[in-house]
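# Understanding the architecture of this molecule
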Amino acid sequence: MPGPFVAKISLSHFRSHHRTELSFDGGPVAIYGPNGAGKTNLIEAVSLLSPGRGMRRAGADDLIRRPEAIGWKIRAEVAGHEVETWAEPGSSRQVRIDGKTTSQVALGRLMRVLWLVPSMDRLWIEGAEGRRRFLDRAVLSFDPRHAEAVLDYEKAMRERNRLLKDMVRDAHWYAAVEGQMARAGAAIHAGRQSTIEALMRAQADAETAFPAADLALSHPETDPQTTEDGLRAAFAEGRSRDLGAGRTLTGPHRADLEAVWKAKDVPARDCSTGEQKALLVSLILANARALAQAHPPVLLLDEVAAHLDDGRRAALYDEICALGGQAFMTGTGPELFTAFGERANYLEATDTAGVSQMTIRESQS
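By the naming in an unreviewed UniProt entry, the chain is DNA replication and repair protein RecF, taken from Flavimaricola marinus. You can read under Function (unreviewed entry) in the UniProt record for the chain the words "The RecF protein is involved in DNA metabolism; it is required for DNA replication and normal SOS inducibility. RecF binds preferentially to single-stranded, linear DNA. It also seems to bind ATP." Annotation of the chain in UniProt includes, under Subcellular location (unreviewed entry), the sentence "Cytoplasm".

Turning our attention to the pattern of salt bridges. Here the structure, examined in full by the defined rule, presents 26 salt bridges. Note that glutamate 129 is salt-bridged to arginine 133, the shortest N-O span being 3.1 Å. Remark: arginine 133 and glutamate 129 occur in helix α3 (residues 128–142); sequence separation between them is four residues, near one turn of the helix. The class for arginine 133 is partly exposed, based on a relative accessible area of 31%. In the salt-bridge network here, residues are joined through shared partners; they are Arg160, Glu178, Arg239, Arg241 and Asp242.

Strand order in the open sheet formed by six strands is β2-β1-β4-β5-β6-β7, with antiparallel pairing between adjacent strands. Every other strand in the sheet has two partners, leaving β2 (17–23) and β7 (100–102) as the edge strands with one partner each. On average, each strand axis in the sheet is inclined to that of its neighbour by 15 degrees, with strand direction left out of account. Of the strand pairs in this sheet, strand β4 (residues 72–78) and strand β5 (residues 81–87) are connected by seven bridges, and their pairing is antiparallel. Across the sheet, isoleucine 74 pairs through a bridge with threonine 85, a residue of β5. Against the sheet, helix α1 (residues 39–47) contacts β1 (6–14), β2 and β4, and its axis sits at roughly 115 degrees relative to β1.

This part takes up the nonpolar core. Within soluble globular proteins, side chains that are nonpolar generally end up buried alongside one another. By size, the foremost hydrophobic cluster in this structure holds 93 residues, and its most contacted members are Ile9 and Leu316. Here this core takes 12 residues from helix α8 (residues 273–292), the largest share from any one element. Here this core gathers at least three residues from each of two domains, domain 1 (1–112 + 295–364) and domain 2 (127–271). Among all residues touching leucine 316, those that are not within four sequence positions of it are Phe210, Val281, Leu285, Leu301, Val304 and Leu308. Core analysis: the next-biggest nonpolar cluster, separate from the first, contains 17 residues, Ala156, Leu164, Ala182 and Ala186 among them.

What follows deals with the sheet that holds strand β11 (residues 266–267). Taking strand neighbours across the sheet as the criterion, the three strands line up as β9-β10-β11 in an open arrangement whose pairing is antiparallel. Lying at the two open borders of the sheet, with one neighbouring strand each, are β9 (213–218) and β11. As judged from the two bridges shared by strand β10 (residues 256–261) and β11, these two strands associate in the antiparallel manner. Considered in β11, the bridge of tryptophan 261 is made with valine 266.

This brings us to the UniProt feature "binding site: ATP" (unreviewed entry) in the chain. Residues annotated in UniProt with the feature "binding site: ATP" (unreviewed entry) correspond here to Gly33, Pro34, Asn35, Gly36, Ala37, Gly38, Lys39 and Thr40. Position of glycine 36 relative to the elements: it lies in the loop between β3 (28–32) and α1. Tracing the chain through its elements places threonine 40 in helix α1. Here threonine 40 falls in the buried class, since its relative accessible area comes to 15%. Other than its neighbours up to four places away in sequence, threonine 40 contacts Met55, Arg56, Asp302 and Thr330.

Turning our eyes to something else, we now look at the packing of α3 against helix α4 (residues 146–165). α4 packs onto α3 with a crossing angle of 135 degrees between their chain directions and a minimal axis gap of 8 Å. Considered as vectors, α3 and α4 are oriented oblique to each other. Judged by residue contacts, Asp136, Val139 and Leu140 of α3 engage His146, Ala147 and Val150 from α4. Each residue belonging to the contact of α3 with α4 can be placed in one class, and the counts come to four nonpolar, one polar and one charged.

As a further point, take the domain arrangement of the chain. Taken domain by domain, the chain holds domain 1 (1–112 + 295–364) and domain 2 (127–271). Taking the mean C-alpha position of each, domain 1 and domain 2 sit 30 Å from one another. Contact with domain 1, which involves 12 residues of that partner, is made by 14 residues of domain 2. One can count six residue pairs in polar contact (both at pLDDT 80 or more) joining domain 1 with domain 2. Elements that contribute at least two residues to the side of domain 1 that touches domain 2 include exactly α2 (107–110) and α9 (310–323). By residue number, the principal contributor to the side of domain 1 that touches domain 2 is α9, which donates four residues. Its residues placed into classes, the side of domain 1 that touches domain 2 shows five nonpolar, two polar and five charged.

What counts, and at which threshold
For every chain, the first residue of its written sequence is number 1, and the numbers climb from 1 along that sequence. For a predicted model such as this one, the threshold for reporting local features is a pLDDT of at least 70, and the threshold for listing and counting side-chain atom pairs is 80 or more; totals across whole chains, interfaces and linings nevertheless cover every residue. Note: side-chain values were computed over all heavy atoms of the structure, leaving out hydrogens and water. UniProt positions are given in the numbering used here, feature names are shortened, and annotations may be inferred rather than shown by experiment. Salt bridge criterion: a side-chain nitrogen from Lys or Arg within 4 Å of a carboxyl oxygen from Asp or Glu. Put simply, DSSP marks the helices as runs of H or I at least four residues long and the strands as runs of E at least two long, and each gets a number from the N terminus on. Using a 1.4 Å probe on the protein chains alone, a residue whose accessible area is under 20% of its type maximum counts as buried, one over 50% counts as exposed, and one in between counts as partly exposed. Two strands are said to pair when DSSP picks up at least two bridges between them. Lines fitted to C-alpha atoms define the axes here, with helix axes fitted over just the stretch in contact, and angles between the N-to-C directions of these axes take values from 0 to 180 degrees. Any pair of residues with heavy atoms lying within 4.5 Å of one another is described as a contacting pair. In this description, a nonpolar core means a group of buried Ala, Val, Leu, Ile, Met, Phe, Trp, Tyr and Cys residues linked to one another through side-chain atoms lying within 4.5 Å. Domain extents, as shown, originate in an automatic or database domain assignment. These descriptions rest on fixed angle ranges, namely under 35 degrees for roughly parallel, over 145 for roughly antiparallel, 65 to 115 for roughly perpendicular, and the rest for oblique. Amino acids are sorted into nonpolar (Ala, Val, Leu, Ile, Met, Phe, Trp, Tyr, Cys and Pro), charged (Asp, Glu, Lys and Arg) and polar (every other residue, Gly among them). Two N or O atoms count as a polar contact when they lie within 3.5 Å, although within protein this holds only if one can serve as hydrogen donor and the other as acceptor, and sequence-adjacent residues are included solely when both atoms are side-chain atoms.

This is how it looks when you write it as structure tokens:
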């Protein structure tokens with residue numbers, strides 16, 4: 001069934017966009033134009049219609065258009081609701097839905113947004129932090145409350161780490177904060193595990209040109225604790241070791257996401273660059289298929305077509321159309337989207353004196 005989508009969006013003083021207003025019909029949108037014309041900036045604005053810092057994890061001040069530096073604002077119509085998010089210089093991002101100020105978590109209840117950007121291409125060969133973030137975004141797409149659990153855990157862990165650095169040894173100081181970490185940590189682990197299972201089911205049930213992956217959570221500990229009681233005990237038992245390190249060495253913040261190319265039985269980190277990209281696309285599509293059982297998510301795919309051969313590119317477009325949801329894709333030229341034909345809407349991005357312009361074009365069939 002059709003899912004919530006961005007029907008209208010207005011950008012004011014957002015990165016390279018001075019003033020941009022666009023309307024959409026809920027189908028795929030192909031955005032093409034030269035580098036620096038504002039393509040990625042547009043879909044970054046769409047990513048900010050979901051909880052968090054958006055697909056480039058930028059600070060609020062980094063999104064302000066220069067040289068005006070008067071702050072930025074995004075207005076959108078999403079699932080019949082009026083959404084506004086903005087920030088003034090030196091201030092944090094604010095959110096309003098239907099005229100009422102609310103938290104970012106509320107955005108996740110209106111529409112689910114998934115993205116794949118070039119910076120994720122090194123996901124399998126860099127540090128575990130990026131893989132945890134990737135997995136947590138997937139968890140968040142199923143359950144917006146996951147963001148609150150992560151924030152609660154991180155806040156409590158910062159307090160515990162402060163106690164450790166101050167060499168506090170009194171157990172009473174630790175009990176309450178470790179209880180908070182245990183409750184949030186158990187919820188985080190449960191969400192991650194259920195999401196991995198959902199992604200693997202979605203891969204197994206699909207016929208696709210993209211490779212399936214076996215996924216698993218790993219931990220530095222040989223026998224990691226994942227329940228609330230187990231985590232609370234592990235934090236208490238680890239205080240002496242953690243005092244020496246000055247930080248918490250046990251818990252879900254140490255987990256890692258492992259992936260193995262199923263057909264070849266090769267770890268993702270050992271695959272070629274092209275194979276690693278194909279695995280990422282496969283997981284994003286699996287995430288979307290799993291969500292589509294209720295409502296298709298909005299997909300943001302930045303420069304994805306340029307890294308796929310013609311066959312996989314056409315297969316990707318077919319899968320996007322089969323999902324029945326909205327998707328925004330960017331590329332440098334219209335030829336990258338020829339296989340879409342009349343199934344997509346087309347925007348040409350240009351830059352005039354440092355100001356991005358978006359122009360509706362006919363199909364590329």
